[in-house]
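Overview (structure and organization)
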Amino acid sequence: MLLAMLSAPALAQTGAPTVIAVPPLATPENVSSSAGDTGLIARYVADVIASDLRSSRELVVIGPENARVYSYPEATAPAFAQWRKSGAKSLVTGFVQARSDGRLTVACYLHDLAGGREIARKGFVVAPAEWRRAAHRCSDAVYQQLAGRPGAFDTRIAYVAESGIQSARVKRVAVMDSDGTSHRYVSAGDSTVLTPRLSPDGDRLAYVSFAGGQAHVRMLDLANEADRPLLPGNAMSFAPAFSPDGKRMLFSMAVGGNTDIYATNVDGSALQRLTSAPGIDTAPGFSPDGSRIVFESDRSGTPQLYVMNADGSDPRRISFGGARYAAPAWSPDGELIAFTRVAGDGLRIGVMSASGAGERILTRGMQDEAPSWAASGRDLLFQRGEGGRTMLFVVSVDGGEGRRIVTPQDGSDPDWSRPGS
Amino acid sequence: MRRTILTGLALLTLAGGSLAAAQVLRVPMPRVGPRGQPPPPPTIEMLQADLLANSGSDIVYFTGNSHGLDAAAQATLTAQARWLHANPAVRARLEGHADERTPRDYALAIAERRANAIRDFLVLQGVPAAQLTILSWGKERPAIGGTSDMALAMNRRVRTVLMP
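Keep in mind that this is a model prediction, so the values were computed, not measured.

Rules used throughout
- Residues numbered from 1 in each chain as written.
- Chains lettered and ligands numbered in written order.
- Predicted model: local features only at pLDDT ≥ 70, side-chain atom pairs only at ≥ 80, totals over all residues.
- Heavy atoms only, no water.
- Helix = DSSP H or I, 4+ residues; strand = E, 2+ residues; numbered from the N terminus.
- Contact = heavy atoms within 4.5 Å.
- Areas by Shrake-Rupley, 256 points an atom, 1.4 Å probe, with all protein chains shown as cover.
- Pairing = 2+ DSSP bridges.
- Axes fitted to C-alpha atoms, helices over the stretch in contact; angles between N-to-C directions.
- Buried area = accessible area lost by both parts, 1.4 Å probe.
- Salt bridge = Lys/Arg side-chain N within 4 Å of Asp/Glu carboxyl O.
- Polar contact = N/O pair within 3.5 Å; in protein donor to acceptor, adjacent residues only side chain to side chain.
- Buried < 20%, exposed > 50% of the residue type's maximum accessible area, 1.4 Å probe, protein only.
- Expected span 1.5 Å × (residues − 1).

Points about the overall build of chain B
Scanning chain B from N- to C-terminus turns up six helices and four strands. Counted from the first residue to the last, chain B has its helices and strands arranged as α-α-α-β-α-β-α-β-α-β. A separation threshold of at least 6 residues defines the contact pool for chain B, and within that pool the share at least 24 residues apart is 74%. Surface accessibility of chain B: about 8100 Å² in total, with carbon and sulfur atoms responsible for 63%.

As structure tokens, this is what we get:
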């Protein structure tokens, strides 16, 4: 009975927030590395873990500021009685150690203070510059253990950074860690770019570019920034989406006033047409198991959401809420479909079940669009237009106020990667 | 109403800084320039101004999510077709746009559909299809910023852009 309770996720048991202590990590010996002293990195890793866990809004975090500092041996054998006095229920410890090959070992441990035992551990060997990545993965492990859901801290956000006047916006593809760090631009800004989409492994990015005139889908290799069109020729293509296994791409192609959905391998081969209805079929996205596709079509007269099999068969309309619907996105657990709802009161973000039931509107802006799921399936990242500016926001699928994601410039068309990518 | 605005714009153009260019286009082109040199060919800006002056407008507007052409649009396009027919060496790019209230992907698709509706109309009026190309800007190049009804209406458009 007691064991069963301990193994159940802490957050699932009660409504009260769990208090967790995150003191600075230890180091067996303060050694200089290419990214700084190991003692300093140990403190930074704790900063990142604390910040990640705070951003979940489900945990109350003590530290690393003013938290008790412990020695290296205490990382695996903490003084439980001492930590219990802080009021915390859980404790994260760990260490950063320089290796003889120039890399770092980053280890973290999650302890249950009441039970006085370790309940999770993670260790990573990384290049010194990659310590932040290791910290996010520690956060993921801690969150997974406490919440019973995968964390999404070791994830990236791709989006379009915008600047300049509205009639001639300069748009560049940018990629950052989901906490806003490691921000970089991956397109030059000489051509308008839209809708970046990270591949499931995080190595590539599909996006739309107006380079050369016509909008078309391009594929960018993030490691070396090699960039090429997805398809040969100069057809107008847009709305790219990766399959969950990263091998296929969905997109729209417009020919002679008729837009349809196509699929192809990520190298552009094996082109397959999936829709043939007159009218506009666009904004395709796969279900998480890859068996079905949700998309937007105006075959009924106004833009509505449809679900079809991955081979294009059996399309069925799912939106019947009396408005126009766009930009569908299937949730990671397959249960929900997020969308942009277009009505007289503006553009809003909402969710419905994958069968179309239970529509709920989550945001109250006038120009909220382009939802993208967090890996947790609990949050949606979207773009909000306000007073001629566009910004990135996150809203919980349970509702509540949106939270702004600060970017160096205006931001639009966000895409949140899957964990481990 | 639309006609009134456009006539006003044309008058403004004639009264403003481009008066000289407009006058050049309204007199017959000299066959021989000064000192017997051939005259410089008209610039693309001069040609665009001439299309505007002779067609009433180089822009056609749409309502809602439609791509249908009302009587005013058809009158403008009929005049554009005459001009294009008379200037067969000049290529035109039909640039389609959607308003800010249209979600991104649908905006690209509907702007392409609008530009194609214009192309089909011009071709029916006798303009060779090879003289025309299509470009959809989606909602990326609004003529007017903001989401007022006026801005939305002014941004749902196809502009006939002459190409060098």
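Back to the write-up after that little detour.
Focus on the sheet that holds strand β19 (residues 281–286) of chain A
Note on sheets: strands pair through backbone hydrogen bonds, and any given pair is parallel or antiparallel. Reading across from one edge, β19-β20-β21-β22 (chain A) is the order of the four strands in this open sheet, with antiparallel pairing throughout. Of all the strands in the sheet, just β19 and β22 (316–317) of chain A have a single pairing partner and so form its edges.

Let's talk about the sheet that holds strand β4 (residues 59–62) of chain A
Residues and elements named next belong to chain A. Overall, mixed pairing links the five strands, which are arranged β4-β1-β5-β6-β7 in an open sheet. The two strands at the open ends of the sheet, each matched to only one other strand, are β4 and β7 (117–126). Each strand of the sheet is rotated relative to its neighbour by a mean of 20 degrees, with strand direction disregarded. Of the pairings in the sheet, the one linking strand β1 (residues 18–21) to strand β5 (residues 90–98) comprises two bridges and is parallel in character.

Comments concerning the interface of chain B and chain A
Contacts between the two partners involve 25 residues from chain B and, on the opposite side, 40 residues from chain A. When chain B packs against chain A, close to 2600 Å² is buried across both sides, 54% of that on carbon and sulfur atoms. Our count for the chain B to chain A interface comes out at four salt bridges. When the shortest N-O distance is used, the salt bridge between B:Lys139 and A:Glu369 registers 2.8 Å. In this structure, the connection of chain B to chain A is made through twelve residue pairs in polar contact (both at pLDDT 80 or more). Elements supplying a minimum of two residues to the side of chain B that touches chain A: α5 (104–124) and β3 (132–136) of chain B. Ranked by residue count, the leading element in the side of chain B that touches chain A is α5(B), at ten residues.

A look at the side chain of A:His111
Residues and elements named next belong to chain A. Position of His-111 relative to the elements: it lies in strand β6 (residues 104–112). Polar side-chain contacts of His-111 include one of 3.4 Å to the backbone oxygen of Ala-75. Here His-111 is in contact with Ala-75, Thr-76, Pro-78, Phe-80, Lys-89, Ser-90, Leu-91, Thr-93, Arg-117, Glu-118 and Ile-119, once residues within four sequence places are set aside.

Some details on the pattern of salt bridges
On inspection of all chains with the given rule, the structure shows 35 salt bridges over all chains. Measuring nitrogen to oxygen at the nearest pair gives 4.0 Å for the salt bridge that ties A:Asp179 to A:Arg132. Here the residue A:Asp179 occupies a position in the loop between β9 (170–177) and β10 (184–185), and A:Arg132 occupies one in helix α5 (residues 131–147), the gap between them amounting to 47 residues. As a salt-bridge pair, B:Glu95 and B:Arg93 come within 2.9 Å of each other at their nearest N and O atoms. Since its relative accessible area comes to 11%, B:Glu95 is described here as buried. The exposure class assigned to B:Arg93 is partly exposed, which follows from its relative accessible area of 21%. Through salt bridges that share partners, A:Glu162, A:Arg169, A:Lys171, A:Arg389, A:Asp410, A:Asp413, B:Arg104 and B:Glu140 make up one connected network.

Here's the deal with the pairing of strand β8 (residues 156–163) of chain A
Residue and element names in this part refer to chain A. With seven of eight residues buried, β8 is to be regarded as a mostly interior element. Judged from the eight bridges that link them, β8 and β9 form a sheet pairing that is antiparallel. Opposite Glu-162, over in β9, you have Lys-171 as the bridge partner. Counting the residues that bridge the hairpin from β8 to β9 gives six residues, and of these Gly-164 lies at a positive phi of roughly 90 degrees.

Regarding α5(A)
It helps to recall that an α-helix has 3.6 residues per turn; residues three or four apart then point in one direction. Residue and element names in this part refer to chain A. With 17 residues, α5 should reach 24 Å at 1.5 Å per residue; the first-to-last C-alpha distance of 24 Å fits that figure. Most of α5 sits out of view: twelve of its 17 residues are buried. Among all positions of α5, only Trp-131, Ala-134, Ala-135, His-136, Cys-138, Ser-139, Asp-140, Ala-141, Val-142, Tyr-143, Leu-146 and Ala-147 are buried. With its phi angle positive at about 75 degrees, Gly-148 sits one or two positions after the end of α5.

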